[in-house]
Amino acid sequence: MTGRELKWSRGDRAKAAAKVMVGWVALLWLLEVVDVASGHALDGLGITPRTPSELVDVVPAAFIHFGFAHVAANTVPLLVMGFLAALGGLRRFAAVCALIIVADGLGVWLIAPAHTNTAGASGLIFGLFGYLLVTGFVERRPLGVLVGLLVGAVWGTSILVGLAPTQSGVSWQGHLLGLVAGVATAFVFKRRAPEPA
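Residues numbered from 1 in each chain as written. Predicted model: local features only at pLDDT ≥ 70, side-chain atom pairs only at ≥ 80, totals over all residues. Heavy atoms only, no water.

Enquirer: Looking at this model, I keep getting lost on the nonpolar core. Mind explaining?
Expert: Note that soluble globular proteins tend to have their nonpolar side chains buried in a common cluster. If you look at the biggest cluster of nonpolar residues, it comprises 32 residues, and the most contacted ones within it are Trp 24, Leu 78, Met 81, Phe 93, Leu 124 and Leu 128. Where this core is concerned, the elements lending two or more residues are helix H1 (3-37), helix H2 (68-86), helix H3 (90-111), helix H4 (122-139), helix H5 (142-162) and helix H6 (172-188). A total of nine residues in this core trace back to one element, the largest contributor, which is H4. Excluding its chain neighbours within four sequence positions, the residues that come into contact with Leu 78 are Met 21, Trp 24, Val 25, Leu 28, Phe 83, Ala 121, Leu 124, Ile 125 and Leu 128. Leu 42, Ile 47, Ala 112 and Ala 119 belong to the second-largest nonpolar core, a separate cluster that totals eight residues. (Core = buried A, V, L, I, M, F, W, Y, C linked by side-chain atoms within 4.5 Å. Buried < 20%, exposed > 50% of the residue type's maximum accessible area, 1.4 Å probe, protein only. Helix = DSSP H or I, 4+ residues; strand = E, 2+ residues; numbered from the N terminus. Contact = heavy atoms within 4.5 Å.)

Here it is as structure tokens:
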């Protein structure tokens, strides 16, 4: 493979990652438009803890938000961190997101306070933060380490604030579980070093 071919493949990968994340964020906004237009009928897709029938909402809850301000707050970090994670390959990215969403949702179902309704992409965002933060170290890839350090520098403070249990109306449990799931995912999907020829 020539340098030019490698460059094009990286460019194609970046374009694909950008398209996926723009589409993902557009879907979140569209769902919120539908939610508002329907009198917030979609809010019921959030997770109510320890109610067996709510287990079907573990995945949909990651796509539902409680108002446009909620979607707006999640848009930029999801767009950027999702793009960075998707650069590693779309199949891998889909598997990473699926594991984070399911693990976070099940965790919220198990430990969130009774009679609460948890929804939003923030659990996934915290998961992607944890994944990007450690995956470079786990795989011993210098570029991945640099990405992790940059992500930590930009969003580290916000992540710490989001973990504080003192914020009213914020699921710190969902944030913490997402973060833990993201770190674990970096180990689950660790790339193996190429074997010497």
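Now that the structure has been shown, we can carry on.
Enquirer: Looking at this model, I keep getting lost on unusual backbone geometry. Mind explaining?
Expert: Trans peptide bonds make up the majority, and among non-glycine residues the majority have a negative phi. Phi is positive for Arg 50, close to 55 degrees, though the residue is something other than glycine. The residue Arg 50 is located in the loop between H1 and H2 in this model. Note on Arg 50: relative accessible area 40%, which makes it partly exposed. In this structure, Arg 140 takes a positive phi of about 55 degrees despite not being glycine. Take Arg 140: it is sitting in the loop between H4 and H5.

Enquirer: Looking at this model, I keep getting lost on a nonpolar patch on the surface. Mind explaining?
Expert: A cluster of nonpolar side chains, namely Leu 27, Trp 29, Leu 30, Val 33, Val 34, Val 36 and Phe 68, defines an oily patch on the protein surface of about 560 Å² accessible area. By residue number, the principal contributor to the nonpolar patch is H1, which donates six residues. Looking at where Leu 27 falls in the secondary structure, it is placed in helix H1. (Patch = residues over 30% accessible without salt bridge, like charges linked within 9 Å, V, L, I, M, F, W, Y side chains within 5 Å. Areas by Shrake-Rupley, 256 points an atom, 1.4 Å probe, with all protein chains shown as cover. Salt bridge = Lys/Arg side-chain N within 4 Å of Asp/Glu carboxyl O.)

Enquirer: Please explain the side chain of His 65 as it appears in this structure.
Expert: Along the chain, His 65 falls in the loop between H1 and H2. Owing to a relative accessible area of 2%, His 65 belongs among the buried residues under this scheme. Polar side-chain contacts of His 65 include one of 3.1 Å to the side chain of Asn 74. In this structure the side chain of His 65 is engaged in a polar contact, spanning 3.1 Å, whose partner is the backbone nitrogen of Ala 121. (Polar contact = N/O pair within 3.5 Å; in protein donor to acceptor, adjacent residues only side chain to side chain.)

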